[in-house]
Amino acid sequence: QLARIQTDSVVEKLRELYPHLDFEIVAMSTTGDKILDTALSKIGEKSLFTKELENALERNEVDLVVHSLKDLPTSLPPGFTIGAVCKRENPLDAVVFHPKNCGKTLSLLPEKSVIGTSSLRRAAQLKKKFPQLEFRDIRGNLNTRLKKLDEKEDFSAIILAAAGLKRMGWENRIGQLLSPEDCLYAVGQGALAVEVRAKDQEILHMVSALHDADTVLCCIAERAFMKRLEGGCSVPVAVSTMLKDGQLYLTGAVYSLDGSDSLKETMQTSVNYPHQNEDGPNDDVQHVGITAKNVPGQAQEAAEKLGVELASLLLSKGAKHILSVARQLNDA
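Just so we're clear, the structure is a prediction, and the values are computed from it rather than from any experiment.

So, how was this worked out
- Residues numbered from 1 in each chain as written.
- Predicted model: local features only at pLDDT ≥ 70, side-chain atom pairs only at ≥ 80, totals over all residues.
- Heavy atoms only, no water.
- Domains from an automatic or database assignment.
- Buried area = accessible area lost by both parts, 1.4 Å probe.
- Salt bridge = Lys/Arg side-chain N within 4 Å of Asp/Glu carboxyl O.
- Polar contact = N/O pair within 3.5 Å; in protein donor to acceptor, adjacent residues only side chain to side chain.
- Core = buried A, V, L, I, M, F, W, Y, C linked by side-chain atoms within 4.5 Å.
- Buried < 20%, exposed > 50% of the residue type's maximum accessible area, 1.4 Å probe, protein only.
- Helix = DSSP H or I, 4+ residues; strand = E, 2+ residues; numbered from the N terminus.
- Pairing = 2+ DSSP bridges.
- Axes fitted to C-alpha atoms, helices over the stretch in contact; angles between N-to-C directions.
- Contact = heavy atoms within 4.5 Å.

Enquirer: What is the right way to read the domain arrangement of the protein chain from this model?
Expert: Accessible area lost when the parts come together is the quantity often used to give the size of an interface. You can read the domains of the protein chain as domain 1 (1–90 + 187–331) and domain 2 (93–177). Both sides of the domain 1 and domain 2 interface together cover about 2,100 Å² of buried area, and 55% of this is carbon and sulfur. For the domain 1 face of the interface with domain 2, the top three residues by lost area are Leu2, Glu89 and Gln189, together amounting to 23%. Inspection of the domain 1/domain 2 interface yields one salt bridge. For Glu89, the salt bridge identified is with Lys166, shortest N-O distance 3.2 Å. Taken together, domain 1 and domain 2 are joined by seven residue pairs in polar contact (both at pLDDT 80 or more).

Next up, the structure:
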């Protein structure tokens, strides 16, 4: 349902921009939708929610695919690109409480309360901050997870992305928003991406009108950070970005699975560049899989460099060890 709502919202914008065009929505399931009894981090497939959709794109059965940006790997298969990154919804994580805990916060829950999350990143940060709570895996789409929470006594609360809840119209279920101090979010969280065939100039040009420049720059920095660390959903990597007065601030962190070991740093760079006409051979420069012709190229380069430099700083302080231990433990 959420995927459908997200797709509908993108198509609605395209219909407004191009009223003379017809848009047909094709629904399909992916590996990630079908394997519901295994933790995401254990399936070990990088393109869990994207493979089947990309196959359809490759076979020209569809022309564009709408994803949650956080589901897209930092390296896309050859021949594909992210042609649009829409304006980001609130990227923070949210706590949804069991009806009996209504009005509480995580710190007010009784000791040994069980919190559901399928994300290693959320669990690692929250275990450290709330050692009195227990964290357990919960899978399924949003409807399934809320049902599991409400109808059983297994969980005192679950952690979900605020963006998804808002898009579903369930904002009233958010009992607590986790600030970046409590829980840094996932790379690309809250942003929608439109994936297209890289060679399809017409479609690329069409969807590029959906780009939100600020979101593009923040997400390029975040994705470059993740790519340099070689992180994926099998290791806890987290970020927070802010764009203010032409300065892009990126906070990035890596965690051990139990959150006891972590590294966190913040860096900034200027992304205040004018837009130059960059037609010609540089027409389709991709930055961590994103093609954004209408965002100044120098600003995109600066954002990508920021992500790489922040990751390099963490690697120089021992991030590789933390991540490889986390990966081994998760695989075990």
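Enquirer: Which parts of the structure should I look at to understand the nonpolar core?
Expert: The nonpolar side chains of soluble globular proteins are, as a tendency, buried together. Of all hydrophobic cores here, the largest spans 45 residues; its most connected members are Leu69, Ile82, Phe225, Leu229, Val237 and Val254. Elements with a contribution of two residues or more to this core: β2 (80–85), α9 (213–229), β9 (237–244), β10 (247–255), α10 (297–316) and α11 (319–331). The leading source of residues in this core is α9, at 10 residues. Residues Phe23, Cys86, Met206 and Leu210 belong to the second largest nonpolar core, which totals 17 residues.

Enquirer: Just checking my understanding: could you explain the sheet that holds β10 for this structure?
Expert: Within a sheet, each strand pairs with its neighbour through backbone hydrogen bonds, oriented either parallel or antiparallel. Across the sheet, which stays open at both edges, the three strands sit in the order β9-β10-β11 with antiparallel pairing between neighbours. The outermost strands of the open sheet, each flanked by one partner alone, are β9 and β11 (262–270). The sheet shows a mean angle of 15 degrees between the axes of neighbouring strands, direction not considered. As paired strands, β9 and β10 are joined by eight bridges and run antiparallel to one another. Looking at the pairing, Thr241 lines up with Leu250 of β10. Here α9 sits on the sheet and contacts β9 and β10; the angle it forms with β9, its principal contact strand, is near 150 degrees.

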